[in-house]
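Architecture and fold: a report
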Amino acid sequence: MIILNFIFGLFWIFCVLFFLAGLIYFVAHSSEETGLDEIGSVAAFFIFLAALSGIVVLLIYSRKKMYTSTIIDEKGIRYLNKFNDKIVKEFPWSSFSQKEDFVYVLESLQYDINSSTPTKSLFDQFYWPVLVNEKVEIHTDAFLGKHFFSMFYANRLELIRTFLLGVRHYKPGITIDPSIFANHYINPETYVIDYRKRRRIGIIGSLICVFVLAILYYWIVY
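Structural notes, computed from the coordinates. Each chain carries its own residue numbering, running from 1 in the direction its sequence is written. Under the rules for a predicted model, residues below a pLDDT of 70 receive no local features and side-chain atom pairs below 80 are neither given nor counted, while totals for whole chains, interfaces and linings still include all residues. The side-chain quantities take in all heavy atoms of the structure and omit both hydrogens and water.

1. Quick look at the sheet that holds strand 3 (residues 86-92)
Each strand in a sheet pairs with another by means of backbone hydrogen bonds, the pair being arranged parallel or else antiparallel. Whether two strands pair depends on DSSP finding at least two bridges between them. Where helices and strands are cited, they refer to DSSP runs of H or I of at least four residues and of E of at least two residues respectively, numbered from the N terminus. An order of 1-2-3 is seen for the three strands of this open sheet, with the pairing classed as antiparallel. Because the sheet does not close on itself, it has two edges, and the strands there are strand 1 (69-73) and strand 3. Between one strand axis and the next, the sheet turns by 20 degrees as a mean value, whatever way the strands run. Every axis in this analysis is a line fitted to C-alpha atoms, fitted for helices over the stretch in contact. Angles between the N-to-C directions lie between 0 and 180 degrees.

Take a look at the structure:
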């Protein structure tokens, strides 16, 4: 989704330039020129400094973990950063493990591959145990990019279908939560995506949102 990704990438650049300009402004101008007293100017300076530092730290921390593309094929799953043409991480099908191989602290899950939707996210997260360096750990994946200029995939639903089909073909012993198929309009027998049902639900959801917003607007205005 080039346009959407480009907009979000520019948003991060705008944030950096905004806080950087704020720092320069408070350094170059006196408290009388800023319209704030001395304490307010110092407080504003440190707020801008903290925000800019946070973004820079995030960039440094995420630099080696950012990827733009998710590749799913007969080898497994690979995460590629096309900007430097490097494989960030990869999980062959042989590394996929079962829930019994991982010690859960709170409770054991019913299936090997599960999904849930975080409170502050519109996209569900998939998680399953994988063998990494002779140790089983939980891997999470939302089937989205992890790069400021490549966050959203136009073919996310097709990626999820390919992932499920790969598990069925290469790791038939791995169990999958049936709700994953239902939530993504995928037939668990044929692995065909029901685009018609998806569009119908999307249209109904949009109409409901418009209806609710119209009621709120009418209630507020009148």
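2. A closer look at the pairing of strand 2 (residues 76-81)
Throughout, exposure labels follow a simple rule: accessible area from a 1.4 Å probe, protein chains only, divided by the maximum for the residue type, with under 20% read as buried, over 50% as exposed, and the rest as partly exposed. Counted residue by residue, strand 2 has six buried out of six residues, so it is predominantly covered. Of the pairings in the sheet, the one linking strand 1 to strand 2 comprises five bridges and is antiparallel in character. Bridge pairing in strand 2 places S69 opposite L80. Both strand 2 and strand 3 contribute to a ladder of six bridges, which runs antiparallel. Considered in strand 3, the bridge of G76 is made with P92. Count of turn residues in the strand 2/strand 3 antiparallel hairpin: four residues, of which D85 carries a positive phi of about 55 degrees.

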